[in-house]
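Chain by chain, the residues run as shown.
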Amino acid sequence: MPELPEVETTKAGIAPHIQDQSITKLLVRESKLRWPIPDELPRLAKNQTVLNVRRRAKYLLIDIGSAKTNTIKGTIIIHLGMSGSLRVLKDDIPAAIKHEHFDICFSNGVVLRYTDPRKFGACLWQDAKETENKLLDHLAPEPLSDEFNLEYLFAKSRKRQAAIKTFIMDQKFVVGVGNIYASESLFLSGINPQKAAGKVTKAKFEVLIKCIKEVLAKAIKDGGTTLKDFTGSDGKPGYFAQQLRVYGRAGEPCLTCKKPIKQITQGQRSTFYCPTCQK
DNA sequence: AGTATCTCCTGCGTGC
DNA sequence: TGCACGCAGGAGATAC
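A. Just the pattern of salt bridges, in detail. Inspection of the entire model under this criterion finds 16 salt bridges. Measuring nitrogen to oxygen at the nearest pair gives 3.6 Å for the salt bridge that ties Glu8 to Lys11. Here the residue Glu8 and the residue Lys11 both occupy positions in helix H1 (residues 4-18), the gap between them amounting to three residues, near one helical turn. Sharing partners across several salt bridges, the network here consists of Glu8, Lys11, Arg55, Arg56 and Glu142.

B. Examining the packing of helix H5 (residues 179-189) against helix H6 (residues 202-221) more closely. Following both chains from N to C, one finds H5 and H6 inclined at 130 degrees, their axes separated by 8 Å at the closest point. Viewed along their axes, H5 and H6 adopt a mutual orientation that is oblique. At the point where H5 passes H6, the crossing takes the right-handed sense. Within the contact between the two elements, H5 uses Tyr181, Glu184, Ser185, Leu186, Leu188 and Ser189 and H6 uses Lys204, Val207, Leu208, Cys211, Ile212, Val215, Leu216 and Ala219. Across the contact of H5 with H6, the residue classes break down as 10 nonpolar, two polar and two charged.

C. Spotlight on unusual backbone geometry. Backbone geometry places Asp91, a non-glycine residue, at a positive phi of 60 degrees. Relative to the helices and strands, Asp91 resides in the loop between strand E5 (85-89) and strand E6 (100-106). Judged by its relative accessible area of 58%, Asp91 is exposed. A positive phi angle, near 75 degrees, is found at Lys258, a position not held by glycine. In this structure, Lys258 sits in the loop between H6 and strand E9 (262-266). On the basis of relative accessibility, which here comes to 60%, the residue Lys258 falls in the exposed class.

D. Inspection of the sheet that holds strand E8 (residues 122-127) at higher detail. If you trace the four strands from one edge of the open sheet to the other, you get E2-E3-E4-E8, paired in antiparallel fashion. Two strands in the sheet have a free side with no partner beyond their single neighbour: strand E2 (49-56) and E8. When strand polarity is set aside, the average angle formed by the axes of neighbouring strands in this sheet is 25 degrees. Where E2 lies against strand E3 (residues 59-66), seven bridges are found, and the strand directions are antiparallel. Along E3, the bridge assignment pairs Arg54 with Leu61. Across the face of the sheet, H1 comes into contact with E2 and E3 while running at roughly 165 degrees to E2.

Cut-offs and rules
Residues numbered from 1 in each chain as written. Chains lettered and ligands numbered in written order. Predicted model: local features only at pLDDT ≥ 70, side-chain atom pairs only at ≥ 80, totals over all residues. Heavy atoms only, no water. Salt bridge = Lys/Arg side-chain N within 4 Å of Asp/Glu carboxyl O. Helix = DSSP H or I, 4+ residues; strand = E, 2+ residues; numbered from the N terminus. Axes fitted to C-alpha atoms, helices over the stretch in contact; angles between N-to-C directions. Parallel < 35°, antiparallel > 145°, perpendicular 65-115°, else oblique. Left-handed = near helix turned anticlockwise from the far one by under 90°. Contact = heavy atoms within 4.5 Å. Nonpolar A, V, L, I, M, F, W, Y, C, P; charged D, E, K, R; others polar. Buried < 20%, exposed > 50% of the residue type's maximum accessible area, 1.4 Å probe, protein only. Pairing = 2+ DSSP bridges.

As structure tokens, this is what we get:
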């Protein structure tokens, strides 16, 4: 399930292969993703050069335009949804199989192939002339930036009734923290995921912010978490799954106190925590 | 405004 | 073996 570390891993994996390369073709096999892939995207992307590969929240952003004048024409916005991945293919490119919804082909022979069985992902176009973007304009700070700090998050949390876990997964407050890393960060912080965000003390918030940053940074270092679907751009899985302390471990002993890890549902999503260690 | 619920989709595990 | 079912989940849309 691509959260921030998985998107960052993907970005790092694809950028060296496509940076400064010219797009020869954008081939859409299945346009019905979360939103339709715009019909005009292949035409807009053709013969444009990749000027930057960026990430914002869980969005992968590929700025394309003219290499000569270094002007950005627009940005291809890719979201991996919950089962999406991008792979770099070169030489002997295999025929596309089921769920491989589009390819971006480059002049150096590289093909960037998007796979997404559950079709929760997206591939959209943001023209440089457009000044606003509904998806990107109102995103909260990046968790690994200095902007995401104690003063900021503590102020946002005051008087909030919502559970702390729901709170840190809300893109209005911090981006990129999904279901897995929310559970993990709260375990490391010793905070009960059901506690109202507004009731969590400042001291606990300090620990939580540190834990969110640490767990994300460590996961990026390990190439992300692979449970089922996620693979890096080289087709290999990430290794952070081996570091998970509570996620997916319902009934198994807590690594700290040996009592069973509990699984509950919050906002239609499973949460894993240790009732003894997390208060 | 804040919060809770619904929704998109497919593959997989479970139980009968 | 086959089927129905429930679950997984990012986050916008919708409904209170």
